[in-house]
Structure formats: C-alpha cells, structure tokens
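Letter by letter, the chains look like this.
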Amino acid sequence: MPSTSVMRTESRRYLRGKTPWIIGLCFVLVSGLPTQPDADVVQVLGDAVVFVDAQVAVAVTVPFAAAALGFRSIIGERENGTARVLIGTQLTRRQFVLGKTLGRSAALAVPIVAGTIVIVGSDVFQYGRFSVPLLVGLLLISLGYVFAWVGVTVGLSAASSSTARAAVIVFGVTLFLGGFWNSLTLPFLWQFVTGSAPSNQMANPAAFEAAKWLSLPSAYYALTDWLLGGPVGPTSAASQVSDALRKTGQATSTGPVIPLWTAVIIASAWPAIALWSGTAVFRRNDLAPASETGILQKLWNRSPSHLLLGRFPFKWIPGQNGVVDSLPGSWQPVARREFRRLVRTPGVWVLGVLVLGAGVLSLSPTTLVQDSLGARVPLTGLQTPIALLGGVGILFGTFRTVTRERDTGTIRVTAGTAASRTNTLVGLVLGRASAFAVPVVGAVLGTCLVAIPRYGLVPFGTLAGFLAVTLVFVGCMAGLGVAISTVIRSQSIAGTVILVFTGLHFAWFPISNAIYSVATGTSVDGFAPPDNPIFVFVRWLPPLRLFNVVTNPILGVPNSAASAAGVIRDLQENVFSNIVVVQSAYGSNVPVWYLHPTVAFVELILWCVIPFGVALVLYQYRSVD
C-alpha cells in the first residue's frame, strides 16, 4: 500500500532526530507538576495510584506534542513543493494524508510509551504497588489518544492554505477546544448562549457537566478514570476521588452524567471529522498553496471595508507625515510597508472583533464586581481578552515575519534598500505593532462605548492609562514575535516555539510551584502561598500575566496577576482559590520592591528588549539567505 511507505518514512525521519527525546523529556517533567495525592486518595485508588502521574502527563503533553509534529505535516510539504512530487506517483492525496497521520502517530507514540513506563516505574518504587492489566490498558488508551490528536492536527494542516493559518488553527483547537475547554472555552460559550455565567445556581447544571465531556482530553480522562477504578469524569482520577471525598465524604459518586460509551464516540469523532474534512479540502485545492485564497480572505476582498481601506492613503502612523519621517533612522518605509500589508488582510481585524466580542460578553460580571468598579467594569472585562487573545494572536501574526521573507526571497529586496538591518527590524516591529494596535484599541473604545448606557463613561485618566499600557503590550508582543522569527530560521520550529511558549503560560502556575519547591525544598501552591514573596515574583514572570499586574493599579484594585474581577472575588470571605492577592497574603500591597507594578512594567518591556537585542546581533552577521 503506498501510504505504508509514507508512514515508514515519516516515523523513521522523526525517530532519528531530536524530537522524540525532547518530547520524552518534557513528558517526564510534566509528570512532576501534579501535587502528590493525599493519603485518603492513595488508599481509595489502591494499585491504580502509580498510574495517576502518567495519566496527567499523557493528557497534557500529547496535544502540544501532536500540534508541534503535525501542524506543518501537509501544508509544509505543499509549500516546499515535495507534495507535488510525491502525489505525482501512484500515491493519492487520501493515502498521503493517512500515511502522514500514521507515521507521525508512531513517532509520537514511542516517547509517550517509553515515558509512561519510566514514570510508572518511578511511582512503583514510591508506593510499592503495581498492576500489569492497568498498565496495558493505560498504554492502549494512550496510544488511541496519540492517534486522535495527530489525526486532528494533520487534518487541520491538510485544510490550511499556509503555515501561519495552520499554526493559528491548530493552536486554537489545541488550547481552546482541548486543554482549556472546561476551564475557559465552555464557561465562555455557556455565558454567550444562556446569558449567565456558570455558577451553583445555574439553570441546567447537568447539561453544563455533560458538555465538559466534548473535548478530547475529557474523553481520555473519562476512559482512564474508568480503567483506574475511580469516579468517572472529565478530570484525572486523583482529582475525581478528591472531589468526591470533599463533597460527599465517600470515594464513590452517583455515576457519570452521560454514559461512558459516549467518551469513545467523542474520542473517535474528533480525528474522523478532522481527517475527513481536511482530506476533502486538500483534494479540491491545488497542490501549490500560493495559488489559493482562504475563505476569510475571499470574504474580505468582497467586503466594502476592504475596498475602503484599499483607497485609504494611510498617511497616518506610521505613514508619510512630518512627525514620523523626522524621527531618527530609515525604518519608516519598512514600517509603512508592513502596516499597509497587514491592515489589508482580515487577520488583524478578526483579532479586533474577537477582543471586542469577548469584552462585550464580559460586561455582566457579578453584582459585587459591578458595585466595586462601577464605570471601570468594561476595562476589567478587557484584561483577559487583550492579554490572552491579543497577546497570543500578535505572536502568531509575527512569528513568520523574517523567516517568510527569507524563504520567499523578498528579504533580498529589503536588504537592497537604504534601510540598514537594524532599521529593517525596527521597521518590521513598529509596522506590525501599529497594524495590530488599531483593531485592539478600537475594541477597547468599542467596548467602553457599548457599556455607556449601563455603566456610564469610563474616567478619562483610567482609560488613557489603560490604553497606554495596552499599546506598550502590543508593541512588546510584536517585538517578541519578530525576534523569534529572526533568531529561528525555520517556520516550523518558530511556530512550535510560539505554541510551547503559550502552553507554558497556561501551565505556569504548577510550573512556578515546582520551580519554587525545587529551589527552596518547600512544597507550595497558590492556595497557601509561602511567606517568601519571591514565590509571587516567579508566578508573575510570563508576559501575558504581567499585563494584569500593570493594569490592576490603574483600575484601582489590589496588587495581583489575576484580573481585577478575580481579585475582587478572591478578597471575599469563604472564597478558596489559587489566586494570590499580595495584600491578603503578605499584609501589604507592595511588601518588597520587586512586587511593585512599576517593576512588572519594566519586566514586560524586557520581554521585548532582550530577545530583540539578541535578534539584532544575529541579524547583523547572518546571511540574508
């Protein structure tokens, strides 16, 4: 069968490289993130307790590893021209996609299986328990989970028309429809559909609980929970047992909200739908992706706004005016070119619409937040959309800035102009930052405008300060993305770095706990922060969290990396969360100098300055090819 040769080639190519070793190392490291189960949980799970760490490691690592391996699996071959050569033989497009899926699944399965055995072996020495049938069952379910995620990413790659689109789509599915479905996406969709946030008093709690099963990680957890003998649900076996003991005092629950066989259907439907739809799109399109126009681009080209932008002279920032052209350097033409190029594409405006939509949907917080913040509520609702959607969207909109010019050869044209290499990079950053700033700022102003009938006008000083920090944040994210694109020559590796960087942000709380525990020898978590404020400093390091730290004092709430609404809720009595509010934990809003919001602002800028400085040095001495 022709697809067998593709599968064999793919698996051998990856197994002979560094990728499996890196994935295996990350897999083992992730297994150390979950906290050790309590004695009651260990007693309930029995022999299954040695498989809990491996269960969590598989659920967390496989989606990101599959995304890294699969997002360029098809589109990369099309862009390089090798797809035309391969499919010019007896290989059909369907066989090509199937071979890629099976080959990369096999390549990913090797480090996952090996890592699982290592982790289970370590836990066997710790707990002195073991079960061969449970190990075999866990490995089989994990192999199915690997195939499911690789199938999803390869299918999305087959349906994409460029590496950038593939990276954004795969990233979005991996995070928002996968790892963070229960904690982020589902509550957002529930509030959008029902008009009320999920709570203990919501109208249909059973439907909300059933919807948690719709993601691939939830289906995997449900199947492995059943295997390990704990209460079946969309979280790990240890969490399910712990929740059951806390709520009822017993290790058993009333049973899953939906039948267990639905988890099998959900786990099978994800790769089946992705591969079927991706193959169908791939079969209709030309093998050269440059000849395609995406659906959004087609709609954008026909829209009145596109026609209006096409006639607009763009003589404003960073355009041809006396103020900008009088600034030092010769970066202005490059910035102008990048600005015009981006604002005429739908991507930046889609990002603005997403931020605006999320901000408008956040205009109905709890009564407590409304009474505490008043007219500042719209800005509070924008903190998370700007940091999450805006920050990640800008990174994915800039990670190909230099590598794409190098791959297409247009970098030679840029290098032949009067702009030096330093001015070229400065122009790339400022041009792209300006293009992204326009829709983001528009989203902020639009949300505030929609909120006027309900909350009144936002105080001018508060709005101006919030917009200033937003512009700095947009510039820093654009600088970081361009720096990554400059330092890393491969689009595939650059996209993987952005994906891992974003994943680390979401998993940073347990990672920071592990870092502090290793450095001090004290086991900690956000529910009971230690006396040393350096713990909070480590939790604040990711740039997407620094945005909240800097904007919270502008909104008039205590010092924290959580959103203003989250801080207000955490300050109430009988509230148990892992949010660390500095004032509550250490008795002062700024107990030490390095927890001052000004220091956080400097840290945010350094996230751009340091990588950009490294990129400047490398760009000066590297060949343009």
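Since this is a predicted model, take the numbers as computed values, not measurements.

Asks: Any chance you could explain the overall build of the chain here in plain terms?
Replies: Per the secondary structure count, the chain includes 32 helices and zero strands. Taking all 625 residues of the chain together, the buried fraction comes to 52%. If you take every contact in the chain between residues at least 6 apart in sequence, the share linking residues at least 24 apart comes to 76%. Counting every atom, the chain has about 27600 Å² of accessible surface; 65% of that belongs to carbon and sulfur.

Asks: Quick question: what am I supposed to make of the packing of helix α7 (residues 93-127) against helix α8 (residues 132-159) here?
Replies: Where α7 meets α8, the axes come as close as 8 Å, and the angle between the chain directions of the two elements is 145 degrees. For the pair α7 and α8, the sense of crossing is right-handed. Contacts between α7 and α8 involve Val97, Lys100, Thr101, Leu102, Arg104, Ser105, Leu108, Ala109, Ile112, Val113, Thr116 and Val120 from the former and Leu135, Leu138, Leu139, Leu143, Val146, Phe147, Val150, Gly151, Val154 and Ala158 from the latter. The residue inventory of the contact of α7 with α8, partitioned by class, reads 16 nonpolar, four polar and two charged.

Asks: How do you make sense of the nonpolar core when you look at a structure like this?
Replies: Nonpolar side chains in soluble globular proteins tend to be buried together. Judged by nonpolar contacts, the single largest core of 153 residues is most densely connected at Leu108, Leu379 and Val444. In terms of residue count, the dominant contributor to this core is α8 (14 residues). With residues up to four places along the chain from it excluded, the contact list for leucine 379 reads Val444, Cys448, Val458, Thr462, Leu463, Phe466 and Leu555. By size, the runner-up hydrophobic cluster in this structure holds 11 residues, among which are Val334, Leu425, Leu428 and Phe612.

Asks: Sorry if this is basic, but what is going on with the side chain of arginine 104 here?
Replies: Counting through the fold element by element, arginine 104 comes out in helix α7. Given the relative accessible area of 4%, arginine 104 is considered buried. A polar contact of 2.3 Å, which involves the side chain of arginine 104, links it to the backbone oxygen of leucine 69. Setting aside anything within four residues of it in sequence, one finds arginine 104 in contact with Glu10, Arg13, Tyr14, Leu69, Gly70, Ser73 and Val150.

Asks: What is the right way to look at the pattern of salt bridges in this model?
Replies: Side chains bearing opposite charge may pair, as long as their charged atoms lie close to each other. Scanning the entire structure with this criterion turns up eight salt bridges. We note a salt bridge from arginine 337 to glutamate 338, for which the minimum N-O separation is 2.9 Å. In this structure, the salt-bridge partner of arginine 432 is glutamate 338, at a minimum N-O distance of 2.7 Å. Taken as a pair, arginine 432 in helix α24 (residues 421-455) and glutamate 338 in helix α18 (residues 332-343) lie far apart in primary sequence, 94 residues in all. For the pair shown, arginine 432 and glutamate 338 are each scored as buried.

Asks: What exactly am I supposed to notice about helix α12 (residues 216-228) here?
Replies: Since the α-helix turns once every 3.6 residues, residues separated by three or four places project in the same direction. Relative to the 18 Å expected for 13 residues at 1.5 Å per residue, α12 spans 18 Å between its end C-alpha atoms, a close match to the ideal helical length. Extensive coverage of α12 is indicated by the burial of 12 of its 13 residues. Among all positions in α12, only Leu216, Pro217, Ser218, Ala219, Tyr220, Tyr221, Ala222, Leu223, Thr224, Asp225, Leu227 and Leu228 are buried.

Asks: Can you help me understand the environment of leucine 91 in this one?
Replies: Considering the arrangement of structural elements, one finds leucine 91 in the loop between α6 (82-87) and α7. When its relative accessible area of 7% is taken as the criterion, leucine 91 is described as buried. Put simply, leucine 91 and valine 6 are 85 residues apart on the chain and 9.2 Å apart in space, counted from C-alpha to C-alpha.

Asks: Looking at this model, I keep getting lost on a nonpolar patch on the surface. Mind explaining?
Replies: Nonpolar side chains collect at one region of the surface, where Phe130, Val132, Val136, Leu140 and Leu143 lie side by side and expose about 440 Å² of accessible area between them. For leucine 143, a relative accessible area of 36% corresponds to the partly exposed category.

Asks: Could you clarify how one ought to interpret the state of the cysteines in this entry?
Replies: Among covalent bonds in proteins, the disulfide is the one between the sulfur atoms of two cysteines. For the structure on display, the rule yields zero disulfides. A disulfide-free cysteine, cysteine 476 has its sulfur positioned 5.0 Å from the sulfur of cysteine 608, the nearest such atom. Overall, the relative accessible area of 5% leaves cysteine 476 in the buried class.

Asks: What am I meant to see in helix α4 (residues 52-70) here?
Replies: The end-to-end C-alpha distance of α4, which contains 19 residues, comes to 27 Å, matching closely the 27 Å that a straight helix rising 1.5 Å per residue would cover. Along its length, α4 shows its largest kink, about 30 degrees, at threonine 61, and proline proline 63 lies within four residues downstream of that point. Across the 19 residues of α4, 16 count as buried, placing the element largely inside the fold.

Asks: Help me understand the packing of aromatic side chains, please; the structure alone is not making it clear to me.
Replies: We describe a pair of aromatic rings using the distance from one ring centre to the other and the angle between the two ring planes. A complete count under the given rule lists 12 aromatic pairs for this structure. A ring pair is formed by tyrosine 220 and tyrosine 221, whose centres lie 6.0 Å apart and whose planes are at 55 degrees; its orientation type is tilted. On the basis of relative accessibility, which here comes to 2%, the residue tyrosine 220 falls in the buried class. Grouping aromatic residues by their ring pairs yields a cluster made of Tyr145, Tyr220 and Tyr221. Between arginine 93 and the ring centre of phenylalanine 282, over which it is positioned, the NZ or CZ distance is 5.3 Å.

Asks: What's the story with the packing of α4 against helix α26 (residues 491-506) in this structure? I'm lost.
Replies: For any two helices packed against each other, the geometry is given by the interaxial angle and the distance between the axes. Relative orientation of the contacting elements α4 and α26 amounts to 165 degrees, with a least axis distance of 9 Å. Viewed along their axes, α4 and α26 adopt a mutual orientation that is roughly antiparallel. Like other packed secondary-structure pairs, α4 and α26 cross with a definite hand, here right-handed. Along its contact with α4, which presents Phe64, Ala67 and Ala68, the element α26 presents Thr496, Leu499 and Gly503.

Asks: Can you walk me through the environment of serine 512 in this structure?
Replies: Within the secondary structure, serine 512 sits in helix α27 (residues 508-520). Along the sequence, serine 512 and tryptophan 540 sit 28 residues apart, while their C-alpha atoms lie 9.2 Å from each other. Apart from residues no more than four positions distant in its own chain, serine 512 is found in contact with Val538 and Arg539.

Asks: Just to check I follow, could you spell out the environment of valine 567 for this structure?
Replies: Mapped onto the elements of the fold, valine 567 is located in helix α30 (residues 564-570). Taking relative accessible area as the criterion, valine 567 reaches 0% and is therefore assigned buried. In this structure the C-alpha to C-alpha distance between valine 567 and isoleucine 579, which are 12 residues apart in sequence, comes to 7.5 Å. Among all residues touching valine 567, those that are not within four sequence positions of it are Asn552, Pro558, Ser560, Ala562 and Val581.

Analysis parameters
Residues numbered from 1 in each chain as written. Predicted model: local features only at pLDDT ≥ 70, side-chain atom pairs only at ≥ 80, totals over all residues. Heavy atoms only, no water. Helix = DSSP H or I, 4+ residues; strand = E, 2+ residues; numbered from the N terminus. Buried < 20%, exposed > 50% of the residue type's maximum accessible area, 1.4 Å probe, protein only. Contact = heavy atoms within 4.5 Å. Areas by Shrake-Rupley, 256 points an atom, 1.4 Å probe, with all protein chains shown as cover. Axes fitted to C-alpha atoms, helices over the stretch in contact; angles between N-to-C directions. Left-handed = near helix turned anticlockwise from the far one by under 90°. Nonpolar A, V, L, I, M, F, W, Y, C, P; charged D, E, K, R; others polar. Core = buried A, V, L, I, M, F, W, Y, C linked by side-chain atoms within 4.5 Å. Polar contact = N/O pair within 3.5 Å; in protein donor to acceptor, adjacent residues only side chain to side chain. Salt bridge = Lys/Arg side-chain N within 4 Å of Asp/Glu carboxyl O. Expected span 1.5 Å × (residues − 1). Patch = residues over 30% accessible without salt bridge, like charges linked within 9 Å, V, L, I, M, F, W, Y side chains within 5 Å. Disulfide = S-S within 2.5 Å. Bend = angle between axes of the 7 residues up to and from the residue. Phe/Tyr/Trp six-rings, centres within 6.5 Å; stacked < 30°, edge-to-face > 60°. Lys NZ or Arg CZ within 6 Å of the ring centre and 35° of its normal. Parallel < 35°, antiparallel > 145°, perpendicular 65-115°, else oblique.

The quantities given are spatial measurements derived from coordinates; they are silent on function.
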